Amino acid sequence: GNSMDDKGLGRKDYWPSDERIYERVCEKLFRDHLVDASEIEVKVEDGVVTLKGLVSDRKAKKNAESSIEDVFGVIDIQNHLTLKPDRGLIGRSDGW
């Protein structure tokens, strides 16, 4: 079979290394103006990207993930980003 989804031999020949994936992921994150990547830590292991660090809101967390999911070589994304403690006005803290 000469089909494109033959995941047998040769897959590793063209599959990018974790270093390459790491570079591409970082590039994507830093280029994405919807994401403040200054406090995001990236780790790549066997094509699985782990994101750690702080983001300002849930939207940024989602954006970080969606901006890198189409990077060639990324098999899965573990999104461990956490939200920064909101030092602004939180409704519940009123009324004391």
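The structure we're discussing is the one just above.
Residues numbered from 1 in each chain as written. Predicted model: local features only at pLDDT ≥ 70, side-chain atom pairs only at ≥ 80, totals over all residues. Heavy atoms only, no water.

Visitor: Whenever I open this one, helix H2 (residues 18–31) confuses me. Can you help?
Guide: Residue pairs three or four apart in sequence face the same way in an α-helix, which turns once every 3.6 residues. With 14 residues, H2 extends 20 Å from end C-alpha to end C-alpha; this agrees with the ideal 20 Å at 1.5 Å per step. If you check which residues of H2 are buried, you get Ile21, Val25, Cys26 and Leu29. All buried residues of H2 lie within an arc of 130 degrees about the axis, which places them on one face of the element. In H2, the exposed positions that point more than 90 degrees away from the buried face belong to Glu19, Phe30 and Arg31. (Helix = DSSP H or I, 4+ residues; strand = E, 2+ residues; numbered from the N terminus. Expected span 1.5 Å × (residues − 1). Buried < 20%, exposed > 50% of the residue type's maximum accessible area, 1.4 Å probe, protein only. Arc of directions from axis to C-beta.)

Visitor: How do you make sense of the sheet that holds strand S2 (residues 48–55) when you look at a structure like this?
Guide: Consider a sheet: its strands pair through backbone hydrogen bonds, and that pairing is either parallel or antiparallel. With respect to topology, three strands assemble into an open sheet ordered S1-S2-S3, the strand pairing being mixed. Looking at strand neighbours, the two that pair on one side only are strand S1 (40–45) and strand S3 (76–83), the edges of this open sheet. For this sheet, the mean inter-axis angle between neighbouring strands, taken without regard to orientation, is 10 degrees. Where S2 meets S3, eight bridges bridge the pair, whose relative direction is parallel. Of the residues in S3, the one forming a bridge with Lys52 is His80. Across the sheet, H2 is in contact with S1 and S2; its angle to S1 comes to roughly 155 degrees. Of the strands in this sheet, S1, S2 and S3 are in contact with helix H3 (residues 58–68), which crosses S3 at around 160 degrees. (Pairing = 2+ DSSP bridges. Axes fitted to C-alpha atoms, helices over the stretch in contact; angles between N-to-C directions. Contact = heavy atoms within 4.5 Å.)

Visitor: It is not clear to me how the nonpolar core should be interpreted in this structure. Could you clarify?
Guide: The biggest cluster of nonpolar side chains holds 19 residues, and the ones touching the most others in it are Val25, Leu29, Ile40, Val42, Val49, Leu51 and Ile68. At the level of secondary structure, the elements contributing two or more residues to this core comprise H2, S1, S2, H3 and S3. A total of four residues in this core trace back to one element, the largest contributor, which is H2. If sequence neighbours within four positions are ignored, Leu29 has contacts with Val35, Ala37, Ile40, Val42, Leu51, Ala64, Ser67 and Ile68. (Core = buried A, V, L, I, M, F, W, Y, C linked by side-chain atoms within 4.5 Å.)

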